[in-house]
Each structure stands twice: as C-alpha cells, then as structure tokens.
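So you can see what is in the structure, the chains are spelled out below.
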Number of protein chains: 2
Amino acid sequence: MFEQQLRVPGPTPLPSRVLRSQSRPMIDHRGPEFAALIDDLVAGFRWALRTDNDVLLFPSSGTGGLEAAAVNLLSPGERTLFCTMGAFGDRWANIGAAYRADVVRLSASPGEAIDPEDVDRILAEHSDIATVFVTHNETSTGVVNDLPAIAAVVKGRGKLLCVDSVSAAGCMPLDTDQLGIDVLVTGSQKGWMAPPGVAIVAVNRAAFEHAAKASCPRFYFDFAREKKYQDRHQTFTTPPVSVFYALQEGLAIMREEGLEAVWARHSRIAKLIREGVTAIGLRLLAVEGHRSDTVTAILSPTESAEQLKEFRAHLRTTYGLVLAGGQGELDGKIFRIGHLGMIDDADAYAILALLEQGLVDMGLRSRVGLATAAAQAAARGAPVAEPAAVG
Amino acid sequence: MFEQQLRVPGPTPLPSRVLRSQSRPMIDHRGPEFAALIDDLVAGFRWALRTDNDVLLFPSSGTGGLEAAAVNLLSPGERTLFCTMGAFGDRWANIGAAYRADVVRLSASPGEAIDPEDVDRILAEHSDIATVFVTHNETSTGVVNDLPAIAAVVKGRGKLLCVDSVSAAGCMPLDTDQLGIDVLVTGSQKGWMAPPGVAIVAVNRAAFEHAAKASCPRFYFDFAREKKYQDRHQTFTTPPVSVFYALQEGLAIMREEGLEAVWARHSRIAKLIREGVTAIGLRLLAVEGHRSDTVTAILSPTESAEQLKEFRAHLRTTYGLVLAGGQGELDGKIFRIGHLGMIDDADAYAILALLEQGLVDMGLRSRVGLATAAAQAAARGAPVAEPAAVG
C-alpha cells in the first residue's frame, strides 16, 4: 500500500498541510515570532474548547496533562473522587494515589458510563471531597460520559471539576465554560490533527486559586509558573516548536471547517463505523447511548487472544489498516478503531471494507460487501438495504 | 534576510534532512514500525553518550529530564548535594527542594566552575549524602565543569552521580560509562539537531536499584515504568513521533560525521567565536579553562540593560541574527551566542560579522572586520594578524 490507514485512537493521520508545517525552521522561544505563535494557539484552543480560561501548553503527552491537573489541585491525604470507566480513568486515579491523595474510586464496568447519580451520592457521603476527576471519553473502551449531567452534579455541590477530554475535545460537543469545567486536559495527537508532544490544559481562576493552597510537590507541571511565562507569551521550559507549528495548522483547518461542522463530521463518521461493524455481526463494547464519536471498541471476533493479534497483524501487513488492541484487562478481548481528526466518509468506507476483507481472509466471515453497504445506507439516512455485493 | 541565523543555545537550526524527516506520516506507537524507530534511537544515543545503560526517552523538555532524575532518586527529607553554577543548576536544586529533599547547594559564582575539592569536602562533611547532582555545561553562563574530576570525587566516595548534560552531550567529550555517571540527562533541541520535545535520560543499574527504594512521589517520569515499556520497544505514554523522526535523522548525520569529529568541530567553532568576540574587545563571562564549546556568554557592551535589549533587537530585525539574553540575575548583564548542533566555520564568520556590524551601527564600536579576521586567523592556527578591513 502507498500509505497506512492509521486508525488507532492517536497518533492520528495528519493532513499534508500539517505534515509540511513541521518543516519550517526553528525559532527562538523567547522571541517575537514565538509570541505570535503561542498567542495564535491559545486563541485557537479558546475557540475550540469554548473557554475564556488560561490555556497552558506543556511539553508532554496527554498523561502529562493528567498529572498536571492532579499535582496542582491535590494535597497529600486529601480525599478525592476519581470517576473511572477504563484504563485512562484508572491511570488518573493511579496518579492521584502516587501523589498520596486519599483516592475514592467510582468505577464503571468496561463499556459502561459513569452514572451521575453515583457521583452525587458519593459527594453527599463525603462532604470533604473538594475535587472530582472524570473522563469525558474513555479511549480504552469507546465510552463517552454524559458530561453535562456529571458537571451539573459536581458544580451543583460546589466542587472543582477536572475533565480528561484528551480523546474528545475538538471532536465532540464540549462547552468548557458553560459546563463550569475548572481544569480541562487534551492532547495534541488526538482530534487536533497534530503529532503527539503537547498537553493542552485549560485552567480557570478557581483552579488557580485552589492550586495556590494545594501542597502536592510539583515543578515541571506547576500551573502558576507556567501561567507566569505564558502571560509573557512564552512557555516556562523549551516548547516543542515543530509540534506547535502543527497545532497551529491543525487549528487553522478546523476553523475553516467550523467547530460544529467538525463535531457533526465526527458524529456522522462514528455512526457509519458503528453501522458497518454491527452489520457484519461484530459487537460493540460500549453501551447504547454512550458510544464515542472518536473511538469504537469492538468485541473480539476471534476464538483466542492470539488469533486476535494475528487478525490485527494481517490487517496491518496485508491492507495497511492499523487498528488498536485492548488495554489492561481488555487486552485480547477487544480491538479498537480510532476515527478522529483527519477522517471523512471515504476513510470510513475504506476502513470497513478492509476490516471485512480481513475477517473473510481469516475465515471469520463468509461474505463481503455488507459493512460498507450498511454504512452507505446510514450516510443516506435510510434504513439498511440488502447489499448488492456477494462474498 | 532569507532565513534567520538562530544562535540561541537551543532551539538550534535544523539541517534540511531533519526538517524534512518530520513530514513523514504518523505511525502506531504500539506497532513494529515504532519499535524499529525507538531501537534505532536508543542505539544511536548509546553510541553518542558512550554508554551501555538504558536510555529512556520522555516526552518533555530538558527540564522534564532533570525532574525525572530528581524524583526517581530522592526521598523527602533526604540530604542531597546540588552543585550549581547558574540558572539551570539552580533549577535542578529547586526541583529537589520542591520535592522536599534537604538540599545542600554548592554554588559557583556566575562564570566560574565547580571546584571538585569543594565537592569532596562537602561529601566528607555529610556522609549521609547519597546522590550528587551536577551540571556538565551551564547554558546560562557558558561554563563547562571539569566533569571527569568531579566524577572521580563523587564515584571515589561511592555516591550516585546525576549529570545535566542537556547542552553538552553530543557536542563535547563525554564518556558516560567510563566516568561512572549513573543518570545522564540531555535534550533533543541542543546538540542533536532535532526540535525540542524529548528528554533523553541514560540510567544505569545502580540508579534503577536506588530508585526502587526512593520515595519521592512520581508517575509520569517514573524510571521503572518507562523501562518496562521500553524493554518492549515502546514508550509508556504516547511519544512525540515527529521529534523521534528528527532525532533519528540528526543521529544519522552525526554518525556520518563521526563522534570525535563532531566534538572537534564544536571545539574549533567555539574557539573561532571566542577569538572573534575578544578581538573586538568584548569580554567573556566564563573563566579561562572552563569555557563551553556550545555557548558563549559575553558581558554586555552597552551602558544599560535597556540598550542591550535594543542591541539584540537590532541584530534580529536588521540582520536576522538571533542571540540570547541573560537569565535571572544575569538578565541585562550578558548576552549569549549558541554554537551547537548544525554549525560550521561559515556560520561562525557570519555570526561574528553580523555581531560586529550591529556594534558599529549602535556606536558601540568604530571599526569593522576585526572579529572575522581574528577568527580566520584562529582557524589557521596562526596568531592574529593585523586586519585588512577598516571601519
């Protein structure tokens, strides 16, 4: 194949404009060219996240952004609620525990979402909890929480709300300020059509004020120091300049499309993918009503974990279709399709057709043409017609 | 000008091969293509750092690498020696303090190096110190320590040695294993001819064993977890793929030149720069015998901090020569020339000529042609001849 269909939930394929943008020469990160660059990025993220808050840019992966939120808001021994529905929610709670917070875990089973009533119940039981950490979209399971409902509960009880929107922001509806999110974390390699390397953390005044009193040790990820530098249109440490270029170009492309159009595209593509995979008898991990617009987790169609690995390797080597496996306890039990960032209907059909070819190659299905037919029908808003193709 | 002469001590100008390398499509960081990439990087860094140790690659700036060393080796309340001779040494000590170590600071005045005898004296006084942190090359002052002498003292007393070689490794002589360095930190944007975004941390077995007992809280920068993933040819969190491409290309270019040739080039260029700037009556901050091969700090030739700022702005806007100012207490008192990574004699002459033009423009000097003449003479290994050019 000429190029892989890279469909893991990040890194995502990059538009050629973004790829090329990284080839610009380096600039001084203490000079005026950089000041204009960071101003443009911050303005872009404020637009895309619908926030007037400070947007801090850390040289790190998304996990670095999660650590930043935890170490700035928490104090050792402090009781804190982490709502988790998979590997990344668990990771955030583990970060809290590593920094000696008294972690209360509200865990949803794999494929299920957090029930806002459970959040309310725990906050009622533990009035000393000051901060709630919650995943917007769990990359490991393809589950999206009802963030507005959770935010309403958390803010209704006057708590601080930290949201991991690494794999949702820029793809799925999100109104940071309207929901009252105090700290929102996302990462450059997801919906932003840029390479990995930058964590984006939107922080409001209440979070800064709380951080000033929080006593977890921190330095690299310290909000206050970073804000001091960003107020001067710099970053505290040397920023990943070429990834900044890519983010600038990715944001420019998003502005051209329009934010709500970007959201609608992700919603449509996710529907095509879901219709396609269910039409060939594959089962989704995520419960109805909480299915992500950026990543779809599919129960393994194979007999064994080993065969699932072979299946993914076959798709990669024969067709250049790169899909993700499961993480942690879901390893060997699911595979995942990332459909975020640079993706359109053409890609959705290609993914589905290649996936189906692989299933037939492996003797896991006997016919072809069902998946794309279902997706095409879904794209027309019509019920699924009898497919014309035969296997 | 067509392109800036970016001569701050990082980010550094990138060879076109490196710039272009970043335009390759993204790959799955859990797949075989990435495994080959990280293996190549690790092999390259082992070659360049002269080490058989694990080389951990963190998505962060160099400061992240400094934090990684501190949080993995230290425990709260533990007495620890930080040897500092400027802003970056201070930063490392501040990280230690932020994580509640009992920090003993051995400070050299700006422009001076650490005296190995002072290190020995402190270690004799405080036998409970287990780990010593020392800067190889202080980017803020252009001072290089006598690292072999310091290492001999530290290892002679059986202590762990952590070295910040962010702005020296890959440019100046360094034999990590022969010196017994337990943790060595460097950063992608310095001598490696790559953009910022990756901290490179070489960690030996003794450091891993010590880290297993050290109790500073850590997660993102945890050595043990990162090693577990890197043993599987992955990184723990999503790596900055395009910066990895750039590092691979930069290392390939270094291999073509040869490591000792790279060191010799940096040594020669540094000499040209020093000869040039001193020939026009500028004074170096660093003491004789400890002058860096990668960055030269020069005492301000202006009356005021404000005028120094104007001078640097004039060089940038008129000639495209971008130099760095001073940091912390040296702000307004010095300026700095970075001469590391992609730099050759042509660049040295260009930097010196443009610098001299700026001085004459500002009325700070009355003649031109002295700086390059002195550098050219130095390049010939000859005493400086009377310059032919007139002002």
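Residues numbered from 1 in each chain as written. Chains lettered and ligands numbered in written order. Predicted model: local features only at pLDDT ≥ 70, side-chain atom pairs only at ≥ 80, totals over all residues.

Caption draft 1: Expanded view of the interface of chain B and chain A. With 47 residues of chain B at the interface, the matching set in chain A holds 47 residues. Contributing elements (two or more residues each) for the side of chain B that touches chain A: helix 1 (16-21), helix 3 (62-73), helix 4 (87-98) and helix 10 (241-257) of chain B. Sort the elements by how many residues they give to the side of chain B that touches chain A and helix 3 of chain B lands first, with 4 residues. Tallied by class, residues from the side of chain B that touches chain A come to 23 nonpolar, 17 polar and 7 charged. (Contact = placed C-beta atoms within 7 Å. Helix = DSSP H or I, 4+ residues; strand = E, 2+ residues; numbered from the N terminus. Nonpolar A, V, L, I, M, F, W, Y, C, P; charged D, E, K, R; others polar.)

Caption draft 2: Structural context of the sheet that holds strand 8 (residues 160-164) of chain B. Residue and element names in this part refer to chain B. If you trace the 7 strands from one edge of the open sheet to the other, you get 2-10-9-8-5-3-4, paired in mixed fashion. Edge positions in the sheet fall to strand 2 (54-59) and strand 4 (102-107), since each has one partner strand and no second. Across the sheet, the axes of successive neighbouring strands diverge by a mean angle of 20°, strand direction being ignored. Sheet analysis places strand 2 next to strand 10 (residues 198-203), joined by 6 bridges and oriented antiparallel. Looking at strand 10, one finds that P59 is bridged to V198. Against the sheet, helix 9 (residues 223-230) touches strand 2 and strand 10, its axis set at about 105° to strand 2. (Pairing = 2+ DSSP bridges. Axes fitted to C-alpha atoms, helices over the stretch in contact; angles between N-to-C directions.)

Caption draft 3: How the structure looks around the sheet that holds strand 2 (residues 54-59) of chain A. Residue and element names in this part refer to chain A. A sheet is described by the order of its strands in space; here 7 strands give the open sequence 2-10-9-8-5-3-4, paired in mixed fashion. Both edges of this open sheet fall to strand 2 and strand 4 (102-107), since each of them pairs with a single strand only. Ignoring which end each strand starts from, the neighbouring axes of this sheet average 20° apart. On top of the sheet, helix 2 (residues 32-49) reaches strand 2, strand 9 (183-187) and strand 10 (198-203); it is set at about 115° to strand 2, its chief contact. Helix 6 (residues 147-156) contacts strand 5 (131-135) and strand 8 (160-164) of the sheet and is inclined by roughly 155° relative to strand 8.

Caption draft 4: Quick look at the packing of helix 3 (residues 62-73) of chain A against helix 4 (residues 87-98) of chain A. All names here are of chain A. One way to put it is that helix 3 packs onto helix 4 with a least axis distance of 9 Å and a crossing angle of 45°. Overall, the two elements helix 3 and helix 4 adopt an arrangement that is oblique. The interaxial crossing formed by helix 3 with helix 4 has right-handed handedness. In contact with T63, L66, E67 and A70 of helix 3, helix 4 contributes R91, W92, I95 and G96. Residue classes in the contact of helix 3 with helix 4 are distributed as 4 nonpolar, 2 polar and 2 charged. (Parallel < 35°, antiparallel > 145°, perpendicular 65-115°, else oblique. Left-handed = near helix turned anticlockwise from the far one by under 90°.)

Caption draft 5: Structural detail: helix 3 of chain B. Residue and element names in this part refer to chain B. In a regular helix each residue adds 1.5 Å, so 12 residues correspond to 16 Å; helix 3 covers 17 Å between its end C-alpha atoms and thus fits that length. Burial of helix 3 is extensive: 12 of the 12 residues sit out of reach of the surface. Within helix 3, burial applies to G62, T63, G64, G65, L66, E67, A68, A69, A70, V71, N72 and L73. (Expected span 1.5 Å × (residues − 1). Buried ≥ 20, exposed ≤ 12 C-beta atoms within 10 Å, placed from the backbone.)

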